[in-house]
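Okay, here's what each chain looks like letter by letter:
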Amino acid sequence: VSTPASRVHPDHPGFHDPGYQAQREAIAQLALAYRGGPIPHVDYGEQDHGVWRLVCEHLAPLHAKFACRAFREASASMALDPTRIPQLEQVNARLRAATGFSMQPVAEVASGQTFLQRLGDREFPSTRFIRHADAPLITPEPDIVHELIGHACLLTNPDIARVSQLLGRAAQRADADGVQALSRVYWFSLEFGAVEEDGEVKAVGAGLLSSPELEHFRHDSWYLPWDLPHMASTPYRPNKWEDRVFVAPSFARFVADLEAWVAQWTD
Ligand SMILES: [Fe+2]
């Protein structure tokens, strides 16, 4: 199975697991064959549900401590089943009703430009595979845990949904340099951004909120002042835990400053 066409990187814990490789391929094929309409179910195994359950249990107390209010409310309203991996159709019923966004299956992690542009149409390109059971608390790539617990929950918040769409609309109009700036700002806000709330730093970004590494967020993060032009000119490493965290003075400023910054493309 370790063919050159493998969807799993040689460093991935699932690389030497033929069953895992086959499942990843089957899930990717479902996405490739998808042409709209009801999203086909993925048949997850009991081991997969076990990984989901373990991550949910690990994250719940971390969210109580470290997540911003908007996320805690969004997550409560989404009420993902902590015992079984939810199917995208179920998630989309709630997400569409809340903000008109939907999770759309993709075979591979979308490139920065494609990813952002689809947000402009209130579609979130979502992977559906789950991390390997040998390393349930670490994932080198965005899996279904990241997409649902992080992004889908956040996107039920109308402010997050609006800002995501605006970043996407901007990416539909921007040149290559603009797309790079937008990707960086997306990374340092909606993936790894934070806000001050009740005198404490709280996580807003999906990358922080979906990762068990969130427990290190307050003592190991390198806080930087909220500064959109600085974020837009700071390169990042995808697939790596981000220890540089730009902290907005409030959730309202987080939203308002992002809206003002993208207006250079959307006005
Ligand atoms: Fe993400």
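Here the structure is a predicted model, which is why all the values come from computation and not from measurement.

Re the environment of G100
Tracing the backbone shows G100 in the loop between α4 (88–99) and β1 (102–105). On the basis of relative accessible area, G100 is assigned to the partly exposed category, the value being 38%. For the pair formed by G100 and D121, sequence separation is 21 residues and the distance between their alpha carbons is 9.6 Å. In this structure, G100 is in contact with L95 and R122, ignoring residues within four places of it in sequence.

Here's the deal with the coordination of the iron ion
Coordination of the iron ion by the protein is provided by H146 (NE2), H151 (NE2), E191 (OE) and E191 (OE), with metal-donor distances spanning 2.0 to 2.8 Å. Angles of 51 to 138 degrees at the metal separate the four donor atoms of the iron ion, which places the site in the irregular class. Read from N- to C-terminus, the donor residues coordinating the iron ion fall into the pattern H-x4-H-x39-E. Highlighted residues: H146 in helix α6 (residues 144–154) and E191 in helix α8 (residues 176–191), separated in sequence by 45 residues. The same class applies to H146 and to E191, which are both buried.

A short note on helix α12 (residues 251–266)
An ideal rise of 1.5 Å per residue puts 22 Å on 16 residues; α12 measures up with 22 Å between its terminal C-alpha atoms. Listed in full, the buried residues belonging to α12 are F251, F254, V255, L258, W261, V262 and W265. The inward-facing, buried residues of α12 abut α3 (69–78), α7 (158–173), α8, β3 (194–197), α11 (228–232) and β6 (244–248).

Considerations on the sheet that holds β3
Within the open sheet, the four strands sit side by side as β4-β3-β6-β5. Their pairing is mixed. Edge positions in the sheet fall to β4 (200–203) and β5 (222–225), since each has one partner strand and no second. If you compare each strand with its neighbour and ignore which way they point, the axes differ by 40 degrees on average. Alignment of β3 against β4, held across four bridges, turns out to be antiparallel. If you follow E197 over to β4, its bridge partner there is E200.

Re the nonpolar core
Within the largest apolar cluster, 84 residues are counted, with the highest numbers of intra-cluster contacts made by W52, L148, L167, L182, F217, F254 and W261. Among the elements that take part in this core, α8 stands out by supplying eight residues, more than any other. In contact with L182, other than residues within four places in its own chain, are L116, L167, A170, A171, A174, W261, V262 and W265.

What counts as what
Residues numbered from 1 in each chain as written. Predicted model: local features only at pLDDT ≥ 70, side-chain atom pairs only at ≥ 80, totals over all residues. Heavy atoms only, no water. Helix = DSSP H or I, 4+ residues; strand = E, 2+ residues; numbered from the N terminus. Buried < 20%, exposed > 50% of the residue type's maximum accessible area, 1.4 Å probe, protein only. Contact = heavy atoms within 4.5 Å. Donors = N, O, S within 2.8 Å, 3.2 Å for Na, K, Ca; no water. Tetrahedral: all angles 85-135°; square planar, octahedral: opposite > 155°, others 65-115°. Expected span 1.5 Å × (residues − 1). Pairing = 2+ DSSP bridges. Axes fitted to C-alpha atoms, helices over the stretch in contact; angles between N-to-C directions. Core = buried A, V, L, I, M, F, W, Y, C linked by side-chain atoms within 4.5 Å.

Read these as spatial facts, not as claims about activity.
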